Amino acid sequence: MTQGKGRITAVGAAVGTVLGVLVLGPSLAPGYTLHYDLVFVPDLPMSARTLGTDGSVPRAVPNDLVVALLGLALPGWLVQKILLLGAFVVGGAGAGRLANTATGAVAAAMLWSWNPWVGERLGIGHWGYLLGFAALPWVLEGAARTGERRGRALLVAALTGAALGGSTPAVLAALVAVVTVAVAGPPARRLRMLAVVVGVVLLANASWWWPFLRASSKAADASGTSAFASAADTPFGVVGSLVLGGGLWNDRTWFLERTTWPLAVAALLAVLVVLVLAVPRRTWWADPVARGATAAGVIGLLLAALAAIPGGRGLLELIVVQVPGGGLLRDGQKFVALWVLLLTVATATVVDRYAAGRRPSLPMVVAILWPVATLPSLAWGHASTWGSVEYPQDVRTVAHELSRSGDPVAVFPWSTYRRYDWNGDRVVLDPWNRLLPQDVLSDDRLPLRQGTVRGEDDAADQVTTALAEGGATVGVLRSLGVRWVLVQEDQPAPAGTMPDLAGIPSTTVGDLEVHDLGPSTLSTPPRDAWRALGLVGTLGAVVLSVVLLAGCRRRRR
């Protein structure tokens, strides 16, 4: 029997909360969890870079803006914990709503919160992806209920919420919404609702696509197509790995149990059984939520596997190089999130059927627990490899002094990632771009085992070239308007990563050495005021969402 949406939403939220605590583990302790792209700082500045108006490619817009706004009232480390755990709570609640019974909500929230996609994205530090991932079940439900006022309000709010996670979550949410409305919406309303979806997506995401169109660089490195292609993290090859929800290109995020036959086979059997029990039934195709999830899941799986299909990699390279914004397709594995959404709906359907028919409990227990049983090392911060730390006082002191100056800073040794002793020697993206409010010049290339993917900052490319040629790097820095050169002496400095700073005045604070190249004589061009227009669009979508949800609440009362 179908149970109240409020109850099963609460059940899903509770399951998401418990699993979030188990997954994050030591990352929830006071302090900052820093690994790969998961970089939070004590006081994220409300700078042009945070707002997406500095002319660079807006990769962390508007999610960094969300962090900066929350940081006005809360410590940075607490903001990080709230966002990480909140993704599990909101996602679990949304997944629970896709079921019709409390037992089905438990199963759906379990699969949604504990799967290889979540584990591998957390492992690489893509916290913004997790925020958008949490919105997908809500997008699916709203898109399947566009014939109702509450469904339309929910869809607008969910699309806007996904947009706050950044460009990739927004693309995933838009794809779910468009596909679901196209296959499951009321026939008389489909074209009109598709137009509404496109309009809301454009409005909610204006904070990043508008400054991107006005950015100085829009081209992506074609070599990234191969570097970011989905990979085989199970014995079943690329496609099999994607079917099981994994296949991320970074092998440092893979789970050992997925590379072993027993658990990989068990996970594959579970996925196939769930799909066989759910999809062939007539009731499945009569449900608009199931139809939308099926279409979105299949499309997501095809996009994720495109680079592994004959001719697919060439097509991707063409799109990445020739189409502005085509770089969004490079990391194809992210589209597996839509396949996980399909598996979640199928799991909820199967468990609902068992619960309603009061069938034997053993199949339900298996359906609920198999995600955890086949991926045990996701528990407790990737098997205790994560932790929480404080930024050293030396870092805070130098950041404060440089912030007071406001002049551009270049960071050396010339490298994208760091390993700090005070951070447990974990690999982390250089944090100085977030510690300082002014322009920070740093290496933006992405080093991978398959090779190095070129960055998108022309100024950084000039420094890279000067270092490689052994030229007058300091002269290049001066020509770019840089005044301060920050050297992190606790980091390795292989040949070609340090400029010749002999004779330049310096100040040393702990492991940090600051060199003063002197005030810049370059005139700073005025900021492009039109870049801020995108923020107005996103704010408008937020206000619209609040108004629609409030209106539905008043009508319900």
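Residues numbered from 1 in each chain as written. Predicted model: local features only at pLDDT ≥ 70, side-chain atom pairs only at ≥ 80, totals over all residues. Heavy atoms only, no water.

**Side note on the pattern of salt bridges**
A side chain of one charge can pair with a side chain of the opposite charge if their charged atoms are brought near each other.
At step 1: Per the stated rule, a full pass over the model turns up 14 salt bridges.
At step 2: Its salt-bridge partner being R258, residue D233 comes within 2.9 Å of it at the nearest N-O pair. Of the two residues, D233 is situated in the loop between α12 (224-227) and α13 (237-243) and R258 in the loop between α13 and α14 (261-278); the sequence distance between them amounts to 25 residues. Of the two residues, D233 and R258, neither departs from the other in class, the shared state being buried.
At step 3: Residue R419 pairs with D425 through a salt bridge whose shortest N-O separation is 3.9 Å. (Salt bridge = Lys/Arg side-chain N within 4 Å of Asp/Glu carboxyl O. Helix = DSSP H or I, 4+ residues; strand = E, 2+ residues; numbered from the N terminus. Buried < 20%, exposed > 50% of the residue type's maximum accessible area, 1.4 Å probe, protein only.)

**Comments concerning the pairing of strand β1 (residues 409-412)**
At step 1: The alternating pattern of β1 places V409 and V411 and A410 and F412 on opposite faces, both of which are buried.
At step 2: Bridging between β1 and strand β4 (residues 440-441) involves two bridges; their strand directions are parallel. Across the sheet, V409 pairs through a bridge with V440, a residue of β4.
At step 3: Bridge analysis of β1 against strand β7 (residues 484-488) gives four bridges, and the strand direction is parallel. Within the sheet, the bridge partner assigned to F412 lies in β7 and is V487. (Pairing = 2+ DSSP bridges.)

**Considerations on the side chain of E141**
At step 1: With respect to the helices, strands and loops of the structure, E141 is situated in helix α7 (residues 127-144).
At step 2: Exposure remark for E141: the relative accessible area of 3% places this residue in the buried category.
At step 3: In terms of polar contacts, E141 uses its side chain to reach the side chain of R145, at 2.7 Å.
At step 4: Excluding anything up to four places from it in sequence, E141 contacts K5, R97 and L154. (Polar contact = N/O pair within 3.5 Å; in protein donor to acceptor, adjacent residues only side chain to side chain. Contact = heavy atoms within 4.5 Å.)

**Considerations on a nonpolar patch on the surface**
At step 1: A contiguous nonpolar patch, built from L362, V365, V366 and L369 and spanning about 360 Å² of accessible area, is present on the exposed surface.
At step 2: Within the secondary structure layout, V366 lies in helix α19 (residues 361-373).
At step 3: The class for V366 is partly exposed, based on a relative accessible area of 47%. (Patch = residues over 30% accessible without salt bridge, like charges linked within 9 Å, V, L, I, M, F, W, Y side chains within 5 Å. Areas by Shrake-Rupley, 256 points an atom, 1.4 Å probe, with all protein chains shown as cover.)

**Here we look at the pairing of β7**
At step 1: Burial runs high along β7: five of the five residues are buried.
At step 2: Burial along β7 is two-sided: W484, L486 and Q488 and V485 and V487, pointing in opposite directions, are all buried.
At step 3: Bridge analysis of β7 against strand β9 (residues 512-516) gives five bridges, and the strand direction is antiparallel. Each bridged residue has a counterpart across the sheet, and for V487 the counterpart in β9 is E513.

**As for the nonpolar core**
At step 1: Of all hydrophobic cores here, the largest spans 125 residues; its most connected members are L122, L136, L159 and W432.
At step 2: Top contributing element to this core by residue count: helix α18 (residues 336-356), with 14 residues.
At step 3: Beyond its immediate chain neighbours, meaning those up to four positions away, L136 contacts W112, L172, A173, V176, A337, L338 and L341.
At step 4: Counting 18 residues, the second-largest nonpolar core is a separate cluster that includes A410, A459, V482 and I504. (Core = buried A, V, L, I, M, F, W, Y, C linked by side-chain atoms within 4.5 Å.)

**Side note on the packing of α7 against α18**
Angle between the axes and distance between the axes: these two values describe a pair of packed helices.
At step 1: Contact geometry for α7 and α18: axes closest at 11 Å, N-to-C directions at 55°. In this view, α7 runs oblique relative to α18, as classed from their interaxial angle. Considering only the axes of α7 and α18, their crossing is right-handed. On α18, the residues that touch F133, L136, P137 and L140 of α7 are A337, L338, V340, L341 and V345.
At step 2: Residues of the contact of α7 with α18, tallied by class, amount to nine nonpolar, no polar and no charged. (Axes fitted to C-alpha atoms, helices over the stretch in contact; angles between N-to-C directions. Parallel < 35°, antiparallel > 145°, perpendicular 65-115°, else oblique. Left-handed = near helix turned anticlockwise from the far one by under 90°. Nonpolar A, V, L, I, M, F, W, Y, C, P; charged D, E, K, R; others polar.)

**Considering helix α6 (residues 116-123)**
At step 1: Of all eight residues in α6, eight are buried; the element is thus mostly enclosed.
At step 2: Taken together, the buried positions of α6 are P116, W117, V118, G119, E120, R121, L122 and G123.
At step 3: Along its buried surface, α6 packs onto α1 (5-24), α4 (76-97), α5 (102-113), α7, α18 and α20 (379-384).
At step 4: Two to three positions downstream of the cap, the backbone nitrogen of W117 sits 3.0 Å from a side-chain oxygen, assigning the N-cap of α6 to N115.
At step 5: Note on α6: the residue one or two positions beyond its end, G125, has a positive phi of about 85°.

**Re the environment of D37**
At step 1: By the secondary structure assignment, D37 is in the loop between α1 and α2 (48-51).
At step 2: Aside from chain neighbours lying at most four places away, what touches D37 is I124, G125, H126, W127, Y417 and L429.

**Some remarks on the environment of N115**
At step 1: With respect to the element layout, N115 can be found in the loop between α5 and α6.
At step 2: Using a relative accessible area of 4% as the deciding quantity, one classes N115 as buried.
At step 3: A polar atom in the side chain of N115 sits 2.9 Å from the backbone oxygen of W112.
At step 4: A polar contact is formed between the side chain of N115 and the backbone nitrogen of V118, at a distance of 2.9 Å.

**Some points on the sheet that holds β1**
At step 1: Taken in spatial order, the five strands of this open sheet run β4-β1-β7-β9-β8, and their pairing is mixed. Both outer strands of the open sheet, β4 and β8 (506-509), are each paired with one neighbouring strand and no more.
At step 2: Sheet strands in contact with helix α21 (residues 393-405) are β1, β7, β8 and β9, and its direction is about 20° off that of β9.

**A look at a negative patch on the surface**
At step 1: A surface patch of negative charge is lined by D394, D421, E489 and D511.
At step 2: Looking at the secondary structure, you find E489 in the loop between β7 and β8. (Lys, Arg positive; Asp, Glu negative; His and termini not counted. Charge placed at Lys NZ, Arg CZ, Asp CG, Glu CD.)

**Structural notes on helix α17 (residues 312-322)**
At step 1: When we look at burial in α17, the residues that qualify are G312, L316 and V320. Angular distribution of buried residues about the axis of α17 spans 65°; they occupy a single face of the element. Along α17, exposed side chains directed more than 90 degrees from the buried face belong to L318 and Q322.
At step 2: Buried-residue contacts for α17 involve α12. (Arc of directions from axis to C-beta.)

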